[in-house]
Every structure is written in structure tokens, then in C-alpha cells.
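# Residue-level structure breakdown
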Protein chains: 2
Amino acid sequence: MANLTNIIPEKTIERLSEYRRTLLACHKQGITHIFSHVLAGIHGITAVQVRRDLMLIGFSSDTKKGYDVQVLIDYISNILDSPTPMHVAVVGMGHLGQAITKYFNSKGLKLRITAAFDVDPEKVGRTMDGIPVYHMDKFETTVEENDISIVIVSSPTSVAPQLVLPIINAGIRGVLNFTSTPLNFPQGIIVENYDITTLLEKVAYFVKEGDSNN
Amino acid sequence: MANLTNIIPEKTIERLSEYRRTLLACHKQGITHIFSHVLAGIHGITAVQVRRDLMLIGFSSDTKKGYDVQVLIDYISNILDSPTPMHVAVVGMGHLGQAITKYFNSKGLKLRITAAFDVDPEKVGRTMDGIPVYHMDKFETTVEENDISIVIVSSPTSVAPQLVLPIINAGIRGVLNFTSTPLNFPQGIIVENYDITTLLEKVAYFVKEGDSNN
């Protein structure tokens, strides 16, 4: 991620997203206030970390009753969300792409998966989980017509490198890559790579190290 | 992640896993040597970072021809892999679980998905992608019989909290959680939480910040 001043660190952004999800669940259950140590406990972190994250975004409150859940949801949303809706496309509607469209829950409708792309004739032209599936040939025009700024790459790993140029040409601003091949984009395009094999190897490494220290 | 001395940092472990995948691909194509700056370029990072990572694991080499690909693969494998095979189970064989079993490529057969669990009668008792699917009722016995130490949680988010106790009771040592609910495990169990919604909100945040800085 580019280091720009006034930008909140990545890990803080991740935690804010997670806090918000918890706060929305609280709100749904009619909970109106929550203490920092309770929010911390739910997330397996310290109350100090929670308070530090909220101070970083300029949020402070009278802590006698805890944080006002709705106020905090709005505050975090103001930080995380774009004022205008941002549209996302999923490239590759195999199991992973389908899992992503099912799992993704755009709470505030500010971030929405609005299109999917594939080359499988069984999928192209259909609507899957409410998302229209287009052929990759239509990528650049569809991106432009739908004002799509972010792409999730969930295609087979072998074809992922072929997506780089179309993604750049279409003016995409952010890429979330779930394949096991690193995708290189020019400076200025935000890229996050999450390969399941690497995540699993990481857990296995720390389990192994933990075992050998016992 | 626990902070233990002599343990290589998380991000370095992730990069080592990624380097190895690239090196294996090189090896497959008959490439015998690779320079640090070439490996760096493939991963969109600096040669300095690559060399620093390798120095951290005690790897150094004569750089006139570049790194010997096979030697470096073996060196990294020696760091990452357990001497004995580690077995992994996937809990939840919906789209995400199926995507995971398809995507996961255990290169050295040292880390293998050996069992899957679900409650769907259409899936239980079948073999999917070569992995036998058991009913969740059989979780603890199957984990013990198969010497499973790591679990990937890819169940619906709503049921994930119900998995915590069985996972602890079965003696699982590491958890990779892909649901959108944080799962709290006792100290000593390695847990990594990766929620797609959070990853996407993070990319969107940095795209938004990038746009507003232009």
C-alpha cells in the first residue's frame, strides 16, 4: 500500500471494518452502548488497542455508559466509506467467485458487487446471486458503463496474468487478487494479494514453531 | 500471532511462501538460477527486500549467476515445512470450502487437506476433489484418527461460533477463519482471520484515499 500522509494504517482499517460489523450486529440486537473492553474481547484484542484505533480516527466519547453504538457505526462509516457508491466486479465465477458474491455483504450499499465476468458459456448471460455475468470480451465496456473501480480476481491462477492489461486499460483503481500468482500493476493501482496456500502455510509454520517451543 | 524469539515475522513467512511458489514454477520451466532483482520484480518488491528476507533465514549465495533455484527451494522448504506431514481439515464444503480444496496445492505433500466436514446430507459420505466429507458429529474422532492439526473454517458465518468448542476439544493447533465473525481461541492456538468483506473494504478505502489525493 502506498504510504500517504493522513492515511490510517492498513491494520487499523481492517480492524475498523471488523468493529463496524460487530457494532451493526449489536445494533440489530437492540444493544445501544458498548464498552471498549467488551468490543475488544469480541475481537480478541486489548481495550487499549480499540481505544487507540478510535482515537486515531478522532473518535472520543464519555465512557461511563460505553460507546454509543449507532454514533460509532456512523463515525466509522464516515471514515471507511466513499461518499458515492463504489462498484466492484468479480472476474471468474467458479467456486471462489461464487463464494465471494455470496459472502460479501454490502451493509451500507456504498460498496457493491455489480458485475461478474467469466468465459464459461454456461455462466455468461446468466444472473448468479443477483449479479449479471458478462463475457470477458465485454470487460472494458462493462466496466465503463457500470462505473466499476474495483476488481476481485478469482479466476484460475493460470489465466490471471492475462487480466492485468485489461484491468489497467479499463481504468480500474483497486484489485483484490485471490489467485496464487502475484499480479503486478503500475504504481497508483491499489493491489492486495491473498493466496490461500500462503495463508495456510503461514498458519502451519506458526503451529510448527509453537509446537517446537513446548 | 504470538511473539516468540527466533521466529521469523509473519510478513516474511508470507513472502517466503510466495517466493517458493515462483521458484517451483521456474524450476518446472527448466530455469536453474534467478537473480534477486528478478525474483523481486515478479513479486512487485525491491531486491533489497528479497535479500533481507533470505538473510533472515540464513541464506546467502554467490550472486554472480543468481540464486540456485533448487537449492533455494529446499532452503525455504526447510524453514516453512514441518519435518512430518501436517494434516488440514476444511469445515464447511459450500462454495468457499470447495474453492479452497480446489485452489490449495500442496507442493511438497507436507501440508495436506485430508478431510472435510459438513452437515449437508448431499455432501456427507461423498468424496469431493479427492477429499472425504464427514459429518460434523464425527469431528473430534476424525481429527484424532487423521492426526489433523489445522482447520480451515469456511462454514456459513452464523454457525462458525459453534465450531469453537469442538475445535478446542479436538486439540486443533491452528485455525484459518474465512467467515465474517471473529473466532476467539485460547492463547496457544494459532488463529488467522480473513474476511472477504474486510479485505474489500480495505481496498476500497485506499482507492478512495488515492482518488482524493489526486
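Residues numbered from 1 in each chain as written. Chains lettered and ligands numbered in written order. Predicted model: local features only at pLDDT ≥ 70, side-chain atom pairs only at ≥ 80, totals over all residues. Heavy atoms only, no water.

Our focus in this paragraph is the interface of chain B and chain A. If you look at the interface, chain B gives 70 residues, while chain A gives 70 residues. Taken over both partners, the interface formed by chain B and chain A buries close to 6,400 Å², and the fraction arising from carbon and sulfur atoms is 68%. Across the contact surface, chain B and chain A share 12 salt bridges. Ionic pairing is found between glutamate 201 of chain B and arginine 20 of chain A, a salt bridge with its closest N-O pair at 2.9 Å. Applying the counting criterion to the chain B and chain A interface returns 35 residue pairs in polar contact (both at pLDDT 80 or more). Of the residues forming the side of chain B that touches chain A, the biggest block, 16 residues, is contributed by helix α8 (residues 196-212) of chain B. Split into classes, the residues belonging to the side of chain B that touches chain A amount to 35 nonpolar, 20 polar and 15 charged. (Contact = heavy atoms within 4.5 Å. Buried area = accessible area lost by both parts, 1.4 Å probe. Salt bridge = Lys/Arg side-chain N within 4 Å of Asp/Glu carboxyl O. Polar contact = N/O pair within 3.5 Å; in protein donor to acceptor, adjacent residues only side chain to side chain. Helix = DSSP H or I, 4+ residues; strand = E, 2+ residues; numbered from the N terminus. Nonpolar A, V, L, I, M, F, W, Y, C, P; charged D, E, K, R; others polar.)

Okay, the relation of the copies chain B and chain A next. Once chain B has been moved 0.0 Å along the axis and rotated by 180°, it coincides with chain A to within an RMSD of 0.0 Å. Taken together, the rotation angle and the small translation identify this as a two-fold axis. Across chain B, the smallest distance between a C-alpha and the rotation axis is recorded for histidine 95 of chain B, namely 2.5 Å. Both copies contact each other with a shared surface, as 100% of the interface residues of chain B are interface residues in chain A too. (Least-squares fit on C-alpha atoms with pLDDT ≥ 70 in both.)

A few words now on a nonpolar patch on the surface. Nonpolar side chains collect at one region of the surface, where Phe35, Val38 and Ile42 of chain A lie side by side and expose about 210 Å² of accessible area between them. Turning to its location among the elements, valine 38 of chain A is positioned in helix α2 (residues 36-42). (Patch = residues over 30% accessible without salt bridge, like charges linked within 9 Å, V, L, I, M, F, W, Y side chains within 5 Å. Areas by Shrake-Rupley, 256 points an atom, 1.4 Å probe, with all protein chains shown as cover.)

Pairing in this open sheet of seven strands is mixed, and the strands run β5-β6-β4-β3-β7-β8-β9 (chain B) from one edge to the other. Both edges of this open sheet fall to β5 (127-128) and β9 (190-193) of chain B, since each of them pairs with a single strand only. With six bridges joining them, strand β3 (residues 86-91) of chain B and strand β4 (residues 111-118) of chain B adopt parallel strand pairing. Paired with alanine 89 of chain B across the strands is alanine 115 of chain B, a residue of β4 of chain B. Each of β3, β4, β7 (148-153), β8 (174-177) and β9 of chain B touches helix α8 (residues 196-212) of chain A; the most contacted strand, β8 of chain B, lies at about 155° to it. The sheet contacts of helix α5 (residues 95-103) of chain B involve β3, β4, β5, β6 (131-135) and β7 of chain B, and relative to β3 of chain B the element is tilted by about 155°. (Pairing = 2+ DSSP bridges. Axes fitted to C-alpha atoms, helices over the stretch in contact; angles between N-to-C directions.)

This brings us to the packing of helix α1 (residues 10-28) of chain A against helix α4 (residues 69-80) of chain A. Residue and element names in this part refer to chain A. Relative to each other, α1 and α4 sit at 145°, their axes nearing to 9 Å. As for the relative orientation of α1 and α4, their crossing is left-handed in sense. Taking contact as the criterion, the partners of Ile13, Leu16, Ser17, Tyr19, Arg20, Leu23, Leu24, Cys26 and His27 in α1 are, on α4, Val69, Gln70, Leu72, Ile73, Ile76, Ser77 and Leu80. Of the residues assigned to the contact of α1 with α4, the class counts are 11 nonpolar, four polar and one charged. (Left-handed = near helix turned anticlockwise from the far one by under 90°.)

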